[in-house]
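Structure at a glance
Residues per chain, in single letters:
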Amino acid sequence: RRVRDGFLLETCATRWFEELIACRAWDDDYEVVCPYAKFGCRHAGPRSDLASHLKICPAAPRDGQKEPSPSKTDEAYVVVCPNAVLGCPATCRRGVELQAHLAACPFSDCTRQGESLSRAAGVLAAVGDAEAERARRLEEGGKGALARA
């Protein structure tokens, strides 16, 4: 950090840095996409042209309109499964397709009670497996001890 700060202090006093700051053309030279691209506008151009584009952009809100957004009932709108935080990778359209997915989603039955039952069943299965392994080892150990005697 100290080296970086020292470099910055040394660089600020150079003619190169002063010319770079004085030349403002670099601000407008890079390409940007329209901020309303998510609503269908396909404009991409220099940053300097963005203000003029927004005046004629077909996707931009007009005369006090709210920013356009997909309707909550729009069935063409694709959403991720509400159980994505639990591991479901599915994406589907709102409405009938989403309801059908939720009916079959393997992550849908993740209530606290369901998790507790699932966890208890897992613990019982692990204990049963451990007991079976213990019995197998005792049986093998007994045969080995009899063979040695």
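Please read these numbers as outputs of a predicted model, since none were measured by experiment.

Overview of the overall build of the protein
The helix and strand inventory of the protein stands at five helices and four strands. A burial count over the protein gives 14% of its 149 residues as buried. The long-range share in the protein, meaning contacts at least 24 apart out of those at least 6 apart in sequence, stands at 13%. When the accessible surface of the protein is totalled, it reaches about 12300 Å², and 58% of it is carbon and sulfur.

A short note on the pattern of salt bridges
Two side chains bearing opposite charge may form a pair once their charged atoms approach each other closely. One pass over the structure, following the stated rule, counts four salt bridges. The salt bridge partner of arginine 134 is glutamate 131, with a shortest N-O separation of 3.9 Å. With a gap of three residues between them, arginine 134 and glutamate 131 both fall in helix 5 (residues 112–148), about one helical turn apart. Classification of arginine 134 as exposed rests on a relative accessible area of 51%. On the basis of relative accessible area, glutamate 131 is assigned to the partly exposed category, the value being 44%.

Structural notes on the nonpolar core
Of all hydrophobic cores here, the largest spans six residues; its members are Cys34, Tyr36, Cys41, Cys57, Ala59 and Ala60. Ignoring any residue separated from it by four or fewer positions in sequence, one finds cysteine 41 in contact with Cys34, Tyr36, His53, Cys57 and Ala59.

As for the side chain of histidine 53
One can find histidine 53 in helix 3 (residues 50–56). Among the residues examined, histidine 53 registers a relative accessible area of 9% and is labelled buried. In contact with histidine 53, not counting residues within four places along its chain, are Cys34, Cys41 and His43.

Side note on the confidence of the model for the protein
Put simply, the protein has an average pLDDT of 77, and 70% of its residues get 70 or more. Per-element confidence in the protein ranges from a low mean pLDDT of 66 for helix 1 (residues 2–12) to a high of 88 for helix 3.

Some points on the environment of glycine 45
Secondary-structure assignment places glycine 45 in strand 2 (residues 44–46). The spacing of glycine 45 and cysteine 34 is 11 residues in sequence and 8.3 Å in space, taken between C-alpha atoms. For glycine 45, the contacting residues outside a window of four places in its chain are Tyr30, Glu31 and Val32.

Let's talk about the environment of arginine 93
As for its position among the elements, arginine 93 is in strand 4 (residues 91–93). A sequence separation of 12 residues divides arginine 93 from cysteine 81, and the C-alpha atoms of the two residues are 9.7 Å apart.

Here we look at the state of the cysteines
Counting across every chain of the model gives zero disulfides. Take cysteine 88: it sits in no disulfide, and the sulfur closest to it among the cysteines is that of cysteine 105, at 3.7 Å. Residue cysteine 88 is classed as buried on the basis of its relative accessible area, which comes to 7%.

So, the side chain of histidine 101
Structurally, histidine 101 can be placed in helix 4 (residues 96–104). Among all residues touching histidine 101, those that are not within four sequence positions of it are Cys81, Cys88, Ala90 and Cys92.

Points about the environment of histidine 101
On the basis of relative accessibility, which here comes to 19%, the residue histidine 101 falls in the buried class. C-alpha separation for the pair histidine 101 and alanine 90, spaced 11 residues apart in sequence, amounts to 8.3 Å.

Definitions and cut-offs
Residues numbered from 1 in each chain as written. Predicted model: local features only at pLDDT ≥ 70, side-chain atom pairs only at ≥ 80, totals over all residues. Heavy atoms only, no water. Helix = DSSP H or I, 4+ residues; strand = E, 2+ residues; numbered from the N terminus. Buried < 20%, exposed > 50% of the residue type's maximum accessible area, 1.4 Å probe, protein only. Contact = heavy atoms within 4.5 Å. Areas by Shrake-Rupley, 256 points an atom, 1.4 Å probe, with all protein chains shown as cover. Salt bridge = Lys/Arg side-chain N within 4 Å of Asp/Glu carboxyl O. Core = buried A, V, L, I, M, F, W, Y, C linked by side-chain atoms within 4.5 Å. pLDDT = per-residue confidence, 0-100. Disulfide = S-S within 2.5 Å.

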